[in-house]
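Coordinate inspection notes
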Amino acid sequence: MSLKNKHILLGITGGIAAYKCAHLVRLLIKQGALVKVVMTKSAEGFVTAKTLSVLSKSEVVTDFFDTNNNWNNHVALAEWADAMIIAPLTANTLAKFATGICDNIVTACYLSARSKVFVAPTMDLDMYQHPTTANNLEVLKKNHTFIIPAESGELASGLVGEGRMAEPENIIAFVSHYFENDLPLIGKKVLVNAGPTYEAIDPVRFIGNRSSGKMGVAIADEFAKAGADVTLVLGPSHQKPTEQSVNVIKVESAQEMFTACNAAFATSDVVILSAAVADYKPKEISDLKIKKKEGDLTLDLIKTTDILETLGKQKKHQVLAGFALETNNLIDYAKEKISKKNLDFIVANSATETGSGFGVDTNKITIIDKHNKLYNFELKSKQEVAKDIVHFAINYLKTHE
Ligand code: CTP
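What counts and how
Residues numbered from 1 in each chain as written. Predicted model: local features only at pLDDT ≥ 70, side-chain atom pairs only at ≥ 80, totals over all residues. Heavy atoms only, no water. Pairing = 2+ DSSP bridges. Helix = DSSP H or I, 4+ residues; strand = E, 2+ residues; numbered from the N terminus. Axes fitted to C-alpha atoms, helices over the stretch in contact; angles between N-to-C directions. Contact = heavy atoms within 4.5 Å. Parallel < 35°, antiparallel > 145°, perpendicular 65-115°, else oblique. Left-handed = near helix turned anticlockwise from the far one by under 90°. Nonpolar A, V, L, I, M, F, W, Y, C, P; charged D, E, K, R; others polar.

Here the focus is the sheet that holds strand 3 (residues 83–89). Pairing is parallel in the open sheet, where 5 strands are placed in the order 2-1-3-4-5. The open sheet has two edge strands, strand 2 (34–39) and strand 5 (145–147), and neither has a second partner. Neighbour to neighbour, the strand axes of the sheet diverge by 20 degrees on average, direction disregarded. By the bridge criterion, 4 bridges tie strand 1 (residues 7–12) to strand 3 in an arrangement that is parallel. Within strand 3, the residue paired with Leu9 across the bridge is Met84. The strands touched by helix 8 (residues 168–180) are strand 3, strand 4 (116–121) and strand 5; relative to strand 4, the strand with the most contacts, the crossing angle is about 160 degrees.

Moving on, we come to the packing of helix 10 (residues 254–265) against helix 11 (residues 307–314). Where helix 10 meets helix 11, the closest approach of the two axes is 10 Å, and the angle between their N-to-C directions is 25 degrees. As judged from the angle between their axes, helix 10 and helix 11 are roughly parallel. Handedness of the helix 10/helix 11 crossing: right-handed. Of helix 11, the residues touching helix 10 (which contributes Ala254, Met257, Phe258, Cys261, Asn262 and Phe265) are Ile307, Thr310, Leu311 and Gln314. Counted by class, the contact of helix 10 with helix 11 contains 7 nonpolar, 3 polar and no charged residues.

Encoded structure:
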């Protein structure tokens, strides 16, 4: 289990154990996590922002404003995070967290956090045992903050006992444990295609369609968030996945899309083809721009390869799903496509219903499985729809493995 691709926001406060954060950051990066560091002024007395910036490969934020008086957006930082770790957590910051005091960048990020928050307290023996500390830790627990227990050993004061910050390795093990259930697709390979295809007529013209690629890109992102190793074959689209781990292969024509999907298919576990692939392409592509002449122009069109159908014929262990975008007879046409293309399930959506289909940010889908069972979903944002689809695929995998 690792923290690969997880966004970790590390908040450092001013305890002697802050020096261990250099090692903690190194371990996080080694696991493939993306790390950003925020630290209090007093933490800077124990470890430098420069060291942490080099190790985390990211700028370290120490104040609400940087040296050029630009505002450091703590809300955006907190939103970016999949997990926030506060290590070390001093008695002072613990008391601030417990009461909502917000007087530095670390406390501001804590209050803004939407992700899981983990704290690794550190203090001297008597401070750690003080009832106030215990009470404050209880408040944090009630507020859904996870406490990484302090460890026993020699303390900075010379006293021996509980109060040492958990070792970086133990912090990572603790945090990883909480992610395990969130990453059901770790080790799985997923192939998604998205967007339109452009079929060239001549060097300046093409036949295309209105697909934006939003739905498929959102699906790729959600699979990556579930821990999968995702390849996204993307037609001409301005959309980009937000998850950096997604391997994007840009293509233009149906033939290029087929070649890329075909190459990735054998090693994939789950394949979701959402692209609006052209069904026909010009029989010939003119090398030169076609000039306007008297009278009309007729283009001869030939069929493209049906990517989904071809992969359906090769299907072995893969869970294979497609989309059906229809203007009429949605469910019947979608059911036909399940058997024709040898699918495990199909995502049916209407091209004409308000809020569905191309170009909009929302979608309303029905998933139909190969036994013709229907699962209806409400109108939602494409990101939320993507979550439903990924959730469906995860359950499908669980029951069909
Ligand atoms: N598809 C594909 N290759 C094609 C055409 C379609 O892989 N050349 C896939 C799409 O990505 C989608 C599914 O097939 O997942 C259904 O596409 P759709 O356009 O709805 O259906 P078609 O099979 O093209 O049939 P029709 O256009 O007549 O509805």
